[in-house]
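Remarks on the overall topology
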Amino acid sequence: MASKPGILTDWPRKPLGSFKGRSNTAEWNTILSRIRNQGIWNVTSALVQDRWDTNDSSNTCGSGGVPLLLVSQSASPPLPLLSLSFSPSFLNCHRAYNLPTIMSDFFMAAVIHPFAEHIVYFMLFAIPTVATLLTGTASIVSLFGYVTYIDFMNFLGHCNCELIPKWVFSLFPPLKYLMYTPSFHSLHHTQFRTNYSLFMPLYDYIYGTMDKSTDELYETSLKREAESSLDVVHLTHLTTPESIYHLRLGFASLASRPLTSNWYLWLIWPVTLWSMMVTWLYGRTFVVERHRYSKLRLQTWAIPKYSIQYFLQRQKESISSLIEDAILDAEERGAKVLSLGLLNQAAHTFAKLLGLHSMLQGEEINRYGEVYVERNPTLNVKIVDGSSLAVAVVLNSIPKGTTQVVLTGKLTKVAYALAFTLCQRGIQVVTLHEHEYLKLKKWLKNESESNLVLSRNYAQKIWLVGDGLYKKEQQKAQKGTLFIPFSQLPPKQFRKDCSYHSMPAMVIPKSLENLHSCENWLPRRVMSAWRIAAIVHALEGWNEHECGLYTMSDVEKVWQASLGHGFQPLVFPTQSKYN
């Protein structure tokens, strides 16, 4: 150790005494806690906003007419009595740099403040901390509590959705001078020269900077108006606990990329655990995204269940009930079409885990939505499972000139339709397992079953694969094989010398608005065939359901309608080598 330590070597840790031994741990705990708190606010407030949000601005806090979650942040600090001593220069600076912001939404784009303003903020926030240190009354609990309170109130003020009920102020009327509300602070972002105080409106009352419309806006923001018109709903679900970060209410950077497993998300496992608790306690379908296309208003809803829960027998009734409630909710809101995404239409229980095979995947819970039509025969909303468009996309993904394909994996409604269509077109369909061969043979008509073959030579280079394609089978495929999935869940890619096509999907038109995130594993601005099918169904005005084990729309008709409305095939570069 140096005999003459340099400047700031001892201070401020040495004067802290026994407190200094815990300072490093306290610092890291405080930092991690602040990250956790912001993540919790992101998830919680976004769920609340999605439940209350409409396509108009009736539920926003501000008067700018901007929808929720489409606004920018101004990390405006408190301006209590002491901060006013820096005026007029400080206030003019603060006003100037808040002009670009219209609404207050904490986790969207931020407004950059001048460095001098940040110095003043730091000085203001540091007063309680420094005072306790100088008086020898500091403690980890007080410092941690102070920072947590500051963060909580800052998040509250920028959540852009009024959360404070009227009864809180009725119980203790003076509280309106001691605690602000989201609607109070939103006026600072819309009027710019009012409601400067952060946390304590008292100073705005004292100095006459209180906006006259504060109370009126608070009353208006508490009113929840009925949901505006709705045309198409796509009903999906969460896949993994981390998948919530890939939604719009998660991280924008992750939502803009296909769903993958990222190791660094394990670093925020407390936030992930909290999000799981919130979805479990919330227990209701929530809105993920809202879009516009042509004259249609589109929404994506998510069932608060994870993929693994669809394989558990004890979750069967709960999931089925949530799906039916969502259908009835869409019916009540005037939706024309509802599509069932992922495992909501073909949910299987523990059969897959045990390696058992049923005649048709999807029988165990709702028979591709047919159960809900039978229970509610007067439904006006049309349930679409999208199988016809999925079949069309797979058929048009097969390279021209192909004479043989392998069909393997879980046999679904799509799989049977593919086998039937390919055999009718004179393309030989090869199965690798006897039980698959027998089921398909029973399904096919006599005149086309000659094109169905049971073989194990693995010479074919075009494989149509569903769920349950394991590593052992993939390793038997020839080098250069093209795997084309027909299921909603992509297969695991074990072969680097083979090509893997996307699950059935199409590129959406440029005129489809507000698509902020990727759909699960798909690239940006690409939608699954099951989701597009509902949009096309509504655009064409078709007045029938497409659900059930044996009901399917005309494949070519649906394909041509999709192309006619601007949806384009998703072509992979590797596909050209097989043409």
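Note that residues are indexed from 1 along each chain, following the sequence as it is written. At least 70 in pLDDT is required for a residue's local features to be given in this predicted model, at least 80 for side-chain atom pairs to be given and counted, and no such filter applies to totals for whole chains, interfaces and linings, which use all residues. Heavy atoms from the whole structure form the basis of all side-chain values; hydrogens and water molecules are not counted.

Side-chain rings of Phe, Tyr and Trp (the six-membered ring for Trp) are treated as a pair once their centres are within 6.5 Å; stacked means planes under 30 degrees apart, edge-to-face means over 60, and tilted covers the remaining angles. Counted by the stated rule, this structure contains 11 aromatic pairs. Ring centres 4.7 Å apart and planes at 65° place the aromatic pair Tyr-177 and Tyr-205 in the edge-to-face group. Linking Tyr-177 in helix H6 (residues 175-178) with Tyr-205 in helix H8 (residues 202-207), this pair joins segments that are 28 residues apart in sequence. Taking relative accessible area as the criterion, Tyr-177 reaches 33% and is therefore assigned partly exposed. What makes Tyr-205 partly exposed here is its relative accessible area of 31%. Between Tyr-458 and Trp-463, the aromatic rings sit 6.1 Å apart at their centres with planes inclined by 25°, giving stacked as the arrangement. Geometrically, a charge over a ring is one whose NZ (Lys) or CZ (Arg) sits within 6 Å of the ring centre while staying within 35 degrees of the ring normal. In this structure, Lys-176 packs its charged tip against the face of Tyr-177, placed 5.8 Å from the ring centre. In this description a helix means any DSSP run of H or I spanning at least four residues, a strand means any run of E spanning at least two, and both kinds are numbered starting from the N terminus. Only protein chains enter the area calculation, which uses a 1.4 Å probe; residues under 20% of their type maximum are buried, those over 50% are exposed, and those in between are partly exposed.

Attention now goes to the sheet that holds strand E13 (residues 526-528). Spatial strand order, E13-E12-E14: three strands in an open sheet with antiparallel pairing. Across the chains shown, the open sheet's two edge strands, defined by having one partner strand only, are E13 and strand E14 (568-569). At least two bridges found by DSSP between two strands is the condition for calling them paired. Sheet analysis places strand E12 (residues 505-507) next to E13, joined by three bridges and oriented antiparallel. Along E13, the bridge assignment pairs Met-506 with Met-527. Each of E12 and E13 touches helix H18 (residues 529-540); the most contacted strand, E13, lies at about 90° to it. Contacts are assigned to residue pairs that have any heavy atoms within 4.5 Å of one another. Each axis is a line fitted through C-alpha atoms, and for a helix only the stretch in contact is used; angles between axes span 0 to 180 degrees, taken between their N-to-C directions.

For the rest of this paragraph, the subject is the sheet that holds strand E10 (residues 482-485). Strands sit in the order E8-E7-E6-E9-E10-E11 across an open sheet of six strands; the sheet is parallel. The open sheet is flanked by strand E8 (452-454) and strand E11 (499-500), the only strands paired with a single partner. Direction of pairing for strand E6 (residues 404-408) relative to strand E9 (residues 462-465): parallel, over a ladder of three bridges. Each bridged residue has a counterpart across the sheet, and for Thr-408 the counterpart in E9 is Val-465. Across the sheet, helix H16 (residues 434-443) is in contact with E6, strand E7 (428-431) and E8; its angle to E8 comes to roughly 160°.

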